[in-house]
Every structure is written in structure tokens, then in C-alpha cells.
Amino acid sequence: MRNRTLLLFFLAVGVFYFSALGTIPLLEPDEGRYAEIPREMLVSGDFVTPHLNGVVYLEKPPLYYWGTAASLRLFGETEFGARFFTAAVSVAGILLTYWMGAALGGWRTGLYSAIVLSTSLYHYTIGRLHTLDMTLAVLLALSIFPGYLHHSGKSPRSSYLVLSYGAAGLAFLTKGLVGVVFPLAVLALWLAFSRRHREYAKSLSLPGLALFLAIVLPWTFLVQRANPDFLWFFFIHEQFFRYATKIHHHYEPFWYFVPVLVAGFFPWVAFLRRVAVSVRASRGAFLPREDLVFLLSWSLFIFLFFSFSGSKLATYIAPVFPPLAVLFGRGLALWTEREDGAVRCRFPLALSAILSVVILALPSFSRQRMEPAAWAWVCALPVAFLLLWGAMPLFVRRLGAERVVLLSFLLLALFLTALNRPAALFLEDYKSVKNLSGALQGVLRPEDVLAQYGRYAQGLSFYTKRRTVLVNVRGELAFGADRAADRADYFLDDREFRKLWDSPRRVFCLFRRDAMPLIREKFPEHRLLYRSGEGILIVNHL
């Protein structure tokens, strides 16, 4: 029973996470950026210095780019190829969460923890978006948890400590210093709260340190040799200034991550009251104090670290979801042992009904205007799965709580998979340049110029397979642009672009969607090729 259940679950997770992976076009700006950098690596053959739009781009280390480049080579330069690496890492994170839950609370706790994580809205969404935060989260878990097993005595083998160091090295190659700081801080906090601070010295492992340095130093040495400004830009500008200042314009209030966390655990928050009551009634059977302190130290430290940061994005708190999923999974295990169905479980139905209304009414409250009947038709299947999930716990007495949890996984997996098509229709007109890029197919010739005015849609280069001229914008490319030998050809001001526009060459230029007054004023002789929520595409002559 146990082995068959686990096998079926993990097979289902694999199908679930790789299904419809290419349905939604690459979204701006992150997915376009993180697809184009590996594509340029494959074109140039330079896997040491990342480039974006032809210029040096040193904001992030290369591990995620290498993984994506491999998947692009295997599956082609498509949305599926771009997202495959992230999805594979996300599945690995679910396996890792099962291991954590099983080690701390038994195989059912591991299974329920993995179920909660895999079908939570946050993990499913971020785990299939082409961004590097999920890779960081999984590698941090792979560093933190083996370190805990070693120090707690649950598995004192030195190999776990070496694994912790190695995973920290890979986390560093994914996003920099946080890959080292977070495992150290979490384990140090747990030791301090457990009054075991005298054991700090036991964290030192010479084989582990050698492995960490063997992972980190080669790329650091090679990229510094090729780019003398690397150390200052990467460690000071991108690591310290990004956290301590607002230079990247990602400022949000201190409480920003609270609603992200609550919404991220949808729809399992519907069972939160049942879980809390079961934990309270368990009289200490929840988790040993040592394990509880560890999981709370992990999740609270990272949550508060980013809450105090001057730069916030919803993807940043991906590392807090695995430990919280284990806590929730353990609570579900206690609930399934104690639930007798005496009180009907109505909240899931209420929550699913509310969300169904929100999904159906979404175009009415956004700039995306869609025919209500057409939108309702395309949303019918995911809404049906969602309402079926909401109604199913009403029969907990007949089904049993364990079947409710297992059926929840099945129905929520179907709901989330079916949601991809409506999401694609909703997002493709203003969060992606795929359709706009398609308008250039068959029209754009090798000798033509492709430009962007006052904006930088990073997916345009990925979809058109060519470098773009940027007018009156440099943004995050400023560091590389200042050092590019051909910057005069690809980073232009108004006067320089006017000269190019008036030349015999055909110039295709992308503007923001609200730029038509500016276009009529500055380029009255333009020819309009395409206009939508993605932007306005014009050409000087055909």
C-alpha cells in the first residue's frame, strides 16, 4: 500500500508539472530575460560571462543559465525548452519535501507535505515559471536539511555535512551570497534557540569546505579574469545594494509577503482550522520541540530577511514554502488520524465558490477585455474541478479524511493544469511579446534593424533570435552597455535613432502600447504593422 501510493503519487507529480508547460508564452520581463541569456550562451559558446542583448550581464551567477541552456539544446528554443529545467527542479523540491516530512514525522507526513507543496498555488506557479528562485529554494533546502540531520544526531554521518556544503556551493552559483548566508544563519539560529551554541565548531567540515570551494572558485576566477569589474559589481552593487537600497525599484511595504504567503498556500488554507484543532488536541504528538524550532527558524528567518529588504518580489520567499509545507503536512497527518466527520467541512466549498467567481469575473476588473461568454467557456473546466474539490470534503465522514487529502491532490492537480489555457489567453496580450514577434516572421530580413524605443521587452530577442537596438533606455543593461565596444550601434538617443530611421535600411521599432501620440509627433511617416496590449510595432518603409 505504502510503496504503491508513493509510486503513483510521484508519477502523477511528474506528469502534472510537465503538462502544459509550453501553453503560456514567456512572460515579461523575467522569463524573457532568463530564456535569452542561455540562448546567447549557446550562440556565442561563452558559458563563463553571461550576456543579454549582446552585452555583459553579471547580475546573477550562471548555474541556472547552464541548466536552461542544456534544456534548450535538448528540447529546442521554445517555451517548453525554456521552462523544463525549472519544472525538473520543482519536482526535485517536492521529492526533497517528502524526504523532510518522512524523516521528521513518518511516511504519511512526508506524503502529505509533498501533496500540500505540489498543489499549492505558489509552488505550482513559481515552479513552472522560468525564473531562478525555485532553483535557489530547492538547493537551500538541500543544504539546510542535511546540515540539520547531522547536527541533531538524527543522521550524524559526515556525508550529510559534506552534502550541505556542496548544495550551498550550488546555491551560491544560482543567486550569490544568500546561498551561503541562509544555511549558515538558519542552522546557527536553531543551535542558539536550542541552547547548543557551543556546537558551532562542529559545523566545520574540511572535506565539505573543499567541495564548496571546488564548486564556487573556478567560475569566480574565470569571470573575474574576463571582467575586472566583476567582484565590485556582483558582490557590492548586486548583493549588498540590492538588499539595502531601492536602486532596483522593487520597493514594497514591510508586510508585502504576508498576503503572498497566505495566497501561496491556497487552497490548503481551507483546512487550516481543522489542522490547528488537530494539532492542539494532539497533546505534544505534533513534532518534537527540536524539529519544530528548526522548521520555524528556517521559515521565519528567510521571511523576515526579505521583509526587511529594500527590494521585494513575490518570488523571493520561495525558500520558506518547503518547511511550512512539512508543518502543514504533519498537521494533516494528525487530522486524518482523528477526523470522525462529526462536523461538516464547509470552508473548502465556500473558498472554491469565491475563487470561481473571481476567475469568471477577472477580465471585468482588468485591462484585458474579453467576451464574457467566451471567457466563461474557456474557464468552465478548471472551475468545475475547483468546485468539485470544494464539495468533496463535505463527505468526509463517508470518504474518510485520508481519502479527502488524496482526492484533493488529484482534483487540484487537474484544476491547476486546466487553468493554464485561460491563463495563456489572459496574459498573452500584455505580458508577452510572442504574438507581436510572430507578426515579424516572414517580414524581417537579416539586413533589417529591430529596435525598441523607451522600453526593453526582453523576450523579443528570444522569439526573433536577434539583437535589438535600444533607444533612450539602458536599465539593467547599463553595466554591460558602458563596456560594450559596439555600444554606439545598439544604445541610441533620439538624434542617433532619427538618423538611423531616415537611412535606407528598414527599421522595425517597438513602442509601449500608449505611445501612439509620441509616434505621430516624431515619426509621422511611419507604417503601422501591429498594435495590441503588447505594444505598437512600426516600420519606416516596406
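Our subject is the structure that appears above.
The following refers to the structure shown. (Residues numbered from 1 in each chain as written. Predicted model: local features only at pLDDT ≥ 70, side-chain atom pairs only at ≥ 80, totals over all residues. Heavy atoms only, no water.)

## Notes on the nonpolar core
The biggest cluster of nonpolar side chains holds 132 residues, and the ones touching the most others in it are Trp 268, Phe 271, Phe 294, Trp 298, Ile 317 and Leu 332. The element that contributes the greatest number of residues to this core is helix H7 (residues 133-152), accounting for eleven residues. Filtering out sequence-adjacent residues up to four positions away, Trp 268 remains in contact with Ile 115, Val 116, Thr 119, Ser 120, Phe 328, Leu 332, Val 405, Ser 408 and Leu 412. With 20 residues, the next largest nonpolar core counts Leu 42, Val 433, Leu 436 and Val 539 among its residues. (Core = buried A, V, L, I, M, F, W, Y, C linked by side-chain atoms within 4.5 Å. Buried < 20%, exposed > 50% of the residue type's maximum accessible area, 1.4 Å probe, protein only. Helix = DSSP H or I, 4+ residues; strand = E, 2+ residues; numbered from the N terminus. Contact = heavy atoms within 4.5 Å.)

## Focus on unusual backbone geometry
For the bond from Glu 28 to Pro 29, the omega torsion is -5 degrees, close enough to zero to count as cis. Considering the arrangement of structural elements, one finds Pro 29 in the loop between helix H1 (2-18) and helix H2 (30-44). Residue Ala 20 is not a glycine yet carries a positive backbone phi of 60 degrees. Looking at the secondary structure, you find Ala 20 in the loop between H1 and H2. In this structure, Asn 472 takes a positive phi of about 60 degrees despite not being glycine. Looking at where Asn 472 falls in the secondary structure, it is placed in the loop between strand E4 (469-471) and helix H23 (478-483).

## Considering the packing of H7 against helix H14 (residues 289-307)
Helix-helix packing: each pair is described by the crossing angle between the helix axes and the interaxial distance. In the contact formed by H7 and H14, the axes pass within 12 Å of each other and the chain directions differ by 155 degrees. Regarding the angle of H7 to H14, the classification is roughly antiparallel. As H7 runs across H14, the sense of the crossing is right-handed. Every residue of H14 that contacts H7 at Ala 141, Ile 144, Phe 145, Tyr 148 and Ser 152 is listed here: Glu 290, Asp 291, Phe 294 and Trp 298. The residue inventory of the contact of H7 with H14, partitioned by class, reads six nonpolar, one polar and two charged. (Axes fitted to C-alpha atoms, helices over the stretch in contact; angles between N-to-C directions. Parallel < 35°, antiparallel > 145°, perpendicular 65-115°, else oblique. Left-handed = near helix turned anticlockwise from the far one by under 90°. Nonpolar A, V, L, I, M, F, W, Y, C, P; charged D, E, K, R; others polar.)

## What to know about the sheet that holds strand E8 (residues 535-539)
Read across the sheet, six strands follow the order E5-E4-E3-E6-E8-E7 without closing on themselves; strand pairing throughout is mixed. A strand with exactly one partner marks an edge of an open sheet, and here the two such strands are strand E5 (491-492) and strand E7 (527-532). With three bridges connecting them, strand E3 (residues 449-453) and E4 associate as parallel partners. Bridge pairing links Tyr 453 to Val 471 in E4. Of the strands in this sheet, E3, E4, E5, strand E6 (507-511) and E8 touch helix H25 (residues 494-501), which is tilted by about 140 degrees from E6. (Pairing = 2+ DSSP bridges.)

## Concerning a positive patch on the surface
Positive charge collects at one region of the surface, where Arg 344, Arg 346, Arg 397 and Arg 398 lie side by side. For Arg 346, the location among the structural elements is in the loop between helix H15 (321-338) and helix H16 (347-361). (Patch = residues over 30% accessible without salt bridge, like charges linked within 9 Å, V, L, I, M, F, W, Y side chains within 5 Å. Areas by Shrake-Rupley, 256 points an atom, 1.4 Å probe, with all protein chains shown as cover. Salt bridge = Lys/Arg side-chain N within 4 Å of Asp/Glu carboxyl O. Lys, Arg positive; Asp, Glu negative; His and termini not counted. Charge placed at Lys NZ, Arg CZ, Asp CG, Glu CD.)

That is the geometry; function is a separate question.
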